[in-house]
Amino acid sequence: TIGNVEWATLKLGYNAVIPEGVKAYAVSGVGAEYASLDEVKDVIPANEAVLLNGAAGPYDFKYAEGATALESNMLEGTVFDANIAANAYVLSAQGEPAVVGFYKAKLNLEEGTKFKNNAFKAYLPVVSEARFFVFDFGGTETAIEGVEGENGNVKTEIYDLAGRRVQNAQKGVFIVNGKVVIK
């Protein structure tokens, strides 16, 4: 199930077809405040943890024949509930308006571990001082700067993720002249 923030994590023990309306991503690297995402096409390989994006609701991940392991994926996950004793970041939406990203996992003092990872969920095992990582969709800019063309004045179109045109980009993810940017 993908929740209201339209993002979720997943780890399955079998090769799974990505359902229509869902995109799957691997995390290929992290920077100071971002996680680089690479889209996984068609089939999620068995035992690979991924980040999912789609409309809120339940989805069926049907078995698929053969799949090649992902070349670069920093995400890890569990197919059973498990206490994870590593430093890690988990998917969360915080603030108002909500900012979706990987946030530092909170210490579970009762178990003496870092956090409990639920069955079929993924986490990002990274040691960092960052409070959270936002998503970078590979090849995008990480800030919105003045956009100029050859003659110095190009009409800049900025949209929020709901598709509404905005005058100025505040903090968050926006579409600027057709490209995804994070400010």
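(A) Here's a closer look at the overall build of the chain. Looking only at helices and strands, the chain has zero helices and 17 strands in total. Considering only intrachain contacts with a sequence separation of at least 6, the fraction spanning at least 24 residues in the chain is 70%. Only carbon and sulfur atoms are counted for the fraction: they give 48% of the accessible area of the chain, which is about 10,900 Å².

(B) Region of interest: unusual backbone geometry. A cis amide bond, omega 0°, links Glu96 with the succeeding residue Pro97. Within the secondary structure, Pro97 is located in the loop between strand 9 (89-94) and strand 10 (99-104). The backbone phi angle of Asp42 is positive, close to 65°, even though this residue is not glycine. Along the chain, Asp42 falls in the loop between strand 4 (34-40) and strand 5 (43-44). The exposure class of Asp42 is exposed, given its relative accessible area of 60%. Notably, Asn47 is not glycine yet its phi reads approximately 65°, a positive angle. For Asn47, the position within the fold is in the loop between strand 5 and strand 6 (49-54).

(C) Fine view of the pairing of strand 10. Sheet topology places strand 9 next to strand 10; six bridges connect them, and they run antiparallel. The residue bridging Val90 from the neighbouring strand is Tyr103, located in strand 10. Hairpin connection between strand 9 and strand 10: a loop of four residues separates the two successive antiparallel strands, and Gly95 in this loop has a positive phi of roughly 90°. Examined bridge by bridge, strand 10 and strand 13 (residues 132-136) share two bridges and lie antiparallel to one another. Bridge pairing links Tyr103 to Phe132 in strand 13.

(D) Representation of the pattern of salt bridges in the model. Counted under the stated rule, the structure contains two salt bridges. One salt bridge in this structure joins Glu39 and Lys41, with 3.5 Å as the shortest N-O distance. Look at Lys41 and you get exposed, because its relative accessible area is 55%. A salt bridge links Asp81 to Lys116; the shortest N-O distance between them is 3.6 Å.

(E) Examining the pairing of strand 3 (residues 22-30) more closely. Direction of pairing for strand 3 relative to strand 6: antiparallel, over a ladder of four bridges. Each residue of the ladder has a partner; that of Ala24, found in strand 6, is Leu52. Where strand 3 and strand 4 come together, six bridges link them in antiparallel fashion. Residue pairing in the sheet places Ala24 in a bridge with Val40 of strand 4. Hairpin connection from strand 3 to strand 4: three residues lie between these consecutive antiparallel strands.

Rules of the game
- Residues numbered from 1 in each chain as written.
- Predicted model: local features only at pLDDT ≥ 70, side-chain atom pairs only at ≥ 80, totals over all residues.
- Heavy atoms only, no water.
- Helix = DSSP H or I, 4+ residues; strand = E, 2+ residues; numbered from the N terminus.
- Contact = heavy atoms within 4.5 Å.
- Areas by Shrake-Rupley, 256 points an atom, 1.4 Å probe, with all protein chains shown as cover.
- Buried < 20%, exposed > 50% of the residue type's maximum accessible area, 1.4 Å probe, protein only.
- Pairing = 2+ DSSP bridges.
- Salt bridge = Lys/Arg side-chain N within 4 Å of Asp/Glu carboxyl O.

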